[in-house]
Amino acid sequence: MTVEQQARGAAGAGRRRSRKDEILEIAVGLFAARGYHGVSMDDIGAAAGVTGPALYHHFAGKEAMLAAALIPVSEGLLAGGRERAVGGSDDPRGVLESLIDFHVEFALANPAVIALHLHELDRLPEEPRRRIRRLQRLYVEEWVTVLTALHPGMPDGEARVLAHAAFGLMNSTPFLGGEVDRRRRAELLRGATLAALLA
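Residues numbered from 1 in each chain as written. Predicted model: local features only at pLDDT ≥ 70, side-chain atom pairs only at ≥ 80, totals over all residues. Heavy atoms only, no water.

1. Brief notes about the pattern of salt bridges
Put simply, the test is: By definition here, a salt bridge exists when the distance from a side-chain nitrogen of Lys or Arg to a carboxyl oxygen of Asp or Glu is within 4 Å. Under the DSSP-based scheme used, a helix requires at least four consecutive residues in state H or I and a strand at least two consecutive residues in state E, with every element numbered from the N terminus. Relative accessibility thresholds used throughout: buried, under 20% of the residue-type maximum; exposed, over 50%; partly exposed, between the two (1.4 Å probe, protein chains only).
The tally for this structure, following the rule as stated, stands at 14 salt bridges. As a salt-bridge pair, R19 and E22 come within 3.2 Å of each other at their nearest N and O atoms. Taken together, the positions of R19 and E22, both in helix α2 (residues 19-34) and three residues apart, correspond to about one turn of that helix. When its relative accessible area of 33% is taken as the criterion, R19 is described as partly exposed. Members of the salt-bridge network, linked through shared partners, are D101, E105, R182 and R190.

Following this line, the structure appears as structure tokens:
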């Protein structure tokens, strides 16, 4: 099956989405598979079943697509992290487990987006790139708050190191093959991350 066919299949799965959302999902799949510079607007149009120029009705160009893929993800991670951390000062371990569950589910559902974050973020113009970096830093701080509550006396800097190490574990999903089923992958990622953060 070609990347284009996989992208079309992904766009047709799940709830009814707007045409713009479908095109964006196809573009994300292509960017993740071939790299940002390896994909043209015509490639995206062909995979989406429209002419390249017709894409400009939805997006100003590839940079706009990349920003539209990455900014909402960073906003969603921060919102989800804050939602799980609210009122959790009495049970930092429970909050940590909730954050891990949340992030593992995100990582398993979005390996292509993680690959874009890892490899293509620097392709964005300065303003959206800075916005994404700021959202990411705020998300890390949600983890730092929980980790310093769980490990009294731990400096914030050390908690940041642990948080980033945890993201490295959980965000490994673009590199995992299909030989282990999704449920078991989730269990393994949750267990390894929790063990690393409790050590």
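2. Focus on the packing of aromatic side chains
This is how the line gets drawn: Put simply, two rings from Phe, Tyr or Trp (the six-membered ring, in Trp's case) pair if the centres are within 6.5 Å, and we call them stacked under 30 degrees between planes, edge-to-face over 60, tilted for the rest.
Taken as a whole and assessed by the stated rule, the structure comprises four aromatic pairs. Between Y139 and F167, the aromatic rings sit 5.6 Å apart at their centres with planes inclined by 15 degrees, giving stacked as the arrangement. Taken as a pair, Y139 in helix α7 (residues 126-150) and F167 in helix α8 (residues 156-170) lie far apart in primary sequence, 28 residues in all. Residue Y139 shares its accessibility class with F167, and that shared class is buried. Ring geometry for W143 against F167: centres 5.2 Å apart, planes inclined by 75 degrees, an arrangement best described as edge-to-face. Here W143 is found in helix α7, whereas its partner F167 is found in helix α8, with 24 residues between them in sequence. This pair shows no difference in class: W143 is buried, exactly as F167 is.

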